[in-house]
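Observations on chain architecture
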2 protein chains.
Amino acid sequence: MHQHEAEDCVRLVPIFQTLSDADITAIARLVRDQTLKAGDFLFTEGTLADRLYILAHGQAKVTQSTAAGREQLLRVLGPGDFDGEGVLFTKGEHTTTATALTKLSVCTISQHDFQALLKNTPALALNVLNALGRRVVALEAKTTAQAVASVSERLANYLVETAGAIGRESFDLPLKKKDLAQYLGTTPETISRKLASFEAAGLIRQSGRQHIEVLDEDGLALQD
Amino acid sequence: MHQHEAEDCVRLVPIFQTLSDADITAIARLVRDQTLKAGDFLFTEGTLADRLYILAHGQAKVTQSTAAGREQLLRVLGPGDFDGEGVLFTKGEHTTTATALTKLSVCTISQHDFQALLKNTPALALNVLNALGRRVVALEAKTTAQAVASVSERLANYLVETAGAIGRESFDLPLKKKDLAQYLGTTPETISRKLASFEAAGLIRQSGRQHIEVLDEDGLALQD
DNA sequence: CCGCCAACTTGACGCAGATCAAGTTATACC
DNA sequence: GGTATAACTTGATCTGCGTCAAGTTGGCGG
């Protein structure tokens, strides 16, 4: 059972996907897996980063906070996503905190084992390089958007992207408004107001707590 | 001469530094180098990313702009820094623009050659992984600061960090105020005002166009 | 060493969005 | 299925900082 979980984990993750069955089985043996409930921490800022975390099922958020105590949500992890690149440097601390948003299962590999894997499996190193490259590009885009776009723009853009990612114009927000606010670098109050004004403008329809229907994608795209 | 430039380049760069002399000489042969003057572009957003850029001498800025035309300065490249990770993915476009801030020399390697190098030199892949990991951590911090800290905080923090990096409390800003404003996600006017108020508060002293002396690092650290 | 011009400074003003406060749901749990 | 409570909404107010405009200054090219 545990072994199954571990293999699931390994097969699920893009960075391992192109590897041979033999490799995958070998990796699965190095993997430790655990289950967490919503609100639990996968890891916290300032603690020793000595394992790589791979999400098998569920969702988690990765946040960072300033001295002042305010928090920024950097990204949301879904099945197959991984984090903990502190592991790639020789010894370091987590600079972020990861919190379970739902009941979830994660697989972890120790720094030592992962480094050995990288050395012995050149294809894996290339896959990780790719994944990190994408992370850099995504983060650069996020930084730029944060700095130069208004909240309306960021929110509208988020809705369009999310609809696109899910593949339907009618969907449930994957995040509570409080988390969404942290993600977009604003407050829940402002999110509420902006969504209300989008609805008033006929761009979207809201129902229930989390349900959104995008009515006019083009209109959203040109929100100031 | 050119060969010398190329070897300089290769030896200068952290990602190549742990490699053998034989490797370095081999790599130097794959490298093309060129000289640019201030204001020239190394590469621009939207063009095909098919080379890796390594800065040998001088400085360059990496920026990204939105549809609205506003620009964000993401980072400043110094000697030994590299960019162009689009190269790591199979074919893609630059998502950023790099502009020379001074007269500078860069070395470049083609995507094809670099991918081959990565495959044949496992140690290199690990070095690149390390460098990218650091980039991710730095970007995450920048994103958080941008979203959560006031301009005063960001500017004060920048001054302290810069003084630290240079190793003296009295130094020249490495950036024009306009560029600094783009880097910190604000405007030159606001920079001017904040610096004036820091000076009035006895935290710093300004002289000439670019010269700053940090008088009270602790005071700066607790700017709201 | 002088004068020109980009880089910067200073002022006045407006507004997006944060904050504080007081309701109003929805949903999860008994 | 009712009810407790966290999640959200709506309103009123305040403020940091962007914008536009009009000087001022430093430093470099001649």
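Residues numbered from 1 in each chain as written. Chains lettered and ligands numbered in written order. Predicted model: local features only at pLDDT ≥ 70, side-chain atom pairs only at ≥ 80, totals over all residues.

1. Thoughts on the overall build of chain A
The condition that has to hold: Counting from the N terminus, the helices are the DSSP runs of H or I reaching at least four residues and the strands are the DSSP runs of E reaching at least two. This radius of gyration counts C-alpha atoms alone. The globule rule is 2.2 Å times how many residues there are, raised to the power 0.38. A pair of residues counts as a contact when their C-beta atoms, built from backbone coordinates, are separated by no more than 7 Å.
Helix and strand counts for chain A stand at nine helices and 11 strands. Against the globule reference of 17 Å for 224 residues, chain A gives a C-alpha radius of gyration of 19 Å, in line with a compact fold. C-alpha atoms of chain A, sized along the principal axes, occupy 55 × 40 × 30 Å. For chain A, long-range pairs separated by at least 24 residues make up 70% of all intrachain contacts whose partners lie at least 6 apart in sequence.

2. Notes on the nonpolar core
Counted only if it meets this: Take the buried Ala, Val, Leu, Ile, Met, Phe, Trp, Tyr and Cys residues, join any whose C-beta atoms are within 7 Å, and the set you get is a nonpolar core. The burial label depends on the number of other C-beta atoms within 10 Å of a residue's C-beta. Counts of 20 or more mean buried, 12 or fewer mean exposed, and intermediate counts mean partly exposed, with C-beta atoms placed from the backbone.
Counting residues in each nonpolar core, the largest one holds 109 residues, and the members touching the most others are A:Tyr53, A:Ile54, A:Leu129, B:Ile54 and B:Leu129. Every residue in contact with A:Ile54, bar those within four places of it in the chain, is listed here: A:Cys9, A:Val13, A:Phe82, A:Val106 and A:Cys107.

3. Quick word on the environment of A:Glu153
Residues and elements named next belong to chain A. As for its placement among the helices and strands, Glu153 is situated in helix 6 (residues 151-166). By the C-beta count within 10 Å, which is 20 here, Glu153 ends up buried. As a C-alpha pair, Glu153 and Thr108 span 45 residues in sequence and 37 Å in three-dimensional space. Ignoring sequence-local partners within four residues, the contact set of Glu153 consists of Gln223 and Asp224.

4. A few points about the sheet that holds strand 7 (residues 97-100) of chain A
Our working rule: At least two DSSP bridges between two strands are required for those strands to pair. Interaxial angles span 0 to 180 degrees and are taken between N-to-C directions of axes, which are lines fitted to C-alpha atoms, for helices over the stretch in contact.
Strand order in the open sheet made by the four strands is 2-7-4-5 (chain A), with antiparallel pairing throughout. Two strands close off the open sheet at either side, each with one partner strand: strand 2 (41-43) and strand 5 (71-77) of chain A. Going from strand to strand, the sheet's axes swing by 30° on average, the running direction of each strand aside. Against the sheet, helix 7 (residues 177-184) of chain A touches strand 4 (60-65) and strand 5 of chain A, its axis set at about 105° to strand 5 of chain A. Of the strands in this sheet, strand 4 and strand 5 of chain A are in contact with helix 5 (residues 122-148) of chain B, which crosses strand 5 of chain A at around 130°.

5. Topic: the protein's contact with DNA strand D
To be explicit about the condition: Only the C-beta atom matters for this test: placed from the backbone, it must lie within 6 Å of a molecule or strand for the residue to be near it. Here the term charged refers only to Asp, Glu, Lys and Arg, the term nonpolar to Ala, Val, Leu, Ile, Met, Phe, Trp, Tyr, Cys and Pro, and the term polar to all other amino acids, Gly among them.
Taken together, 19 residues lie near DNA strand D, and A:Lys177, A:Ser192, B:Ser150, B:Thr190 and B:Gly208 sit nearest. Elements with a contribution of two residues or more to the surface near DNA strand D: helix 7 and helix 8 (188-200) of chain A together with helix 6 (151-166) and helix 8 (188-200) of chain B. Here the surface near DNA strand D gets six residues from one element, more than from any other, and that element is helix 8 of chain A. Split by residue class, the surface near DNA strand D holds four nonpolar, seven polar and eight charged.

6. Notes on helix 6 of chain A
All names here are of chain A. Under the convention used in this document: Expected span of a helix, by definition, is 1.5 Å for each gap between consecutive residues, and there is one gap fewer than residues.
Taking 1.5 Å of rise per residue, the 16 residues of helix 6 would be expected to cover 22 Å, and the 22 Å separating its terminal C-alpha atoms lies within 8% of that figure. Inspection of helix 6 places Glu153, Arg154, Leu155, Ala156 and Leu159 among the buried residues, and these make up the whole buried set. Looking at the buried residues of helix 6, the elements they touch are helix 5 (122-148), helix 7, helix 8, strand 10 (204-207), strand 11 (211-214) and helix 9 (217-221). Backbone geometry just downstream of helix 6 places Gly167 in the positive-phi region, at approximately 95°.

7. Details of the packing of helix 7 of chain A against helix 8 of chain A
Residues and elements named next belong to chain A. Here is the rule we go by: Here roughly perpendicular refers to angles of 65 to 115 degrees, roughly parallel to angles under 35, roughly antiparallel to angles over 145, and oblique to all remaining angles.
It is the contact of helix 7 with helix 8, at a shortest axis distance of 8 Å, that shows an interaxial angle of 95°. If you check the angle between helix 7 and helix 8, you find them roughly perpendicular. On the side of helix 7, the interface is formed by Lys177, Lys178, Leu180 and Ala181, while helix 8 contributes Pro188, Ile191 and Ser192. Taken together, the residues of the contact of helix 7 with helix 8 sort by class into four nonpolar, one polar and two charged.

8. Here we look at the protein's contact with DNA strand C
Around DNA strand C, a shell composed of 19 residues is seen, among which A:Ser150, A:Thr190, A:Arg209, B:Lys177 and B:Ser192 lie nearest. Counting residues per element, the ones that place at least two in the surface near DNA strand C are helix 6 and helix 8 of chain A together with helix 7 (177-184) and helix 8 of chain B. Here the surface near DNA strand C gets six residues from one element, more than from any other, and that element is helix 8 of chain B.

9. Comments concerning the sheet that holds strand 7 (residues 97-100) of chain B
With antiparallel pairing, four strands are arranged side by side in an open sheet as 2-7-4-5 (chain B). Each edge of the open sheet is held by one strand with a lone partner, namely strand 2 (41-43) and strand 5 (71-77) of chain B. Pairs of neighbouring strands in the sheet enclose a mean axial angle of 30°, with direction left out of account. Here strand 4 (residues 60-65) of chain B runs beside strand 7 of chain B; their pairing, made up of four bridges, is antiparallel. Bridging from a neighbouring strand, B:Thr63 pairs with B:Thr97 of strand 7 of chain B. This element, helix 5 of chain A, spans strand 4 and strand 5 of chain B of the sheet and lies at about 135° to strand 5 of chain B.

10. Thoughts on the interface of chain B and chain A
Contacts between the two partners involve 35 residues from chain B, matched on the other side by 34 residues from chain A. Of all the secondary-structure elements, those providing two or more residues to the side of chain B that touches chain A are strand 5, helix 4 (111-120) and helix 5 of chain B. Here the element with the most residues in the side of chain B that touches chain A is helix 5 of chain B; it accounts for 20 residues. Classifying every residue of the side of chain B that touches chain A gives 18 nonpolar, 11 polar and six charged.

11. Some remarks on the packing of helix 6 of chain A against helix 8 of chain A
All names here are of chain A. With their axes 11 Å apart at the nearest point, helix 6 and helix 8 run at an angle of 70° to one another. The orientation of helix 6 relative to helix 8 falls into the category roughly perpendicular. Seen from helix 6, the contacting residues are Val151, Ser152 and Leu155; seen from helix 8, they are Thr190, Ile191 and Lys194. In the contact of helix 6 with helix 8, the residues fall into three nonpolar, two polar and one charged.

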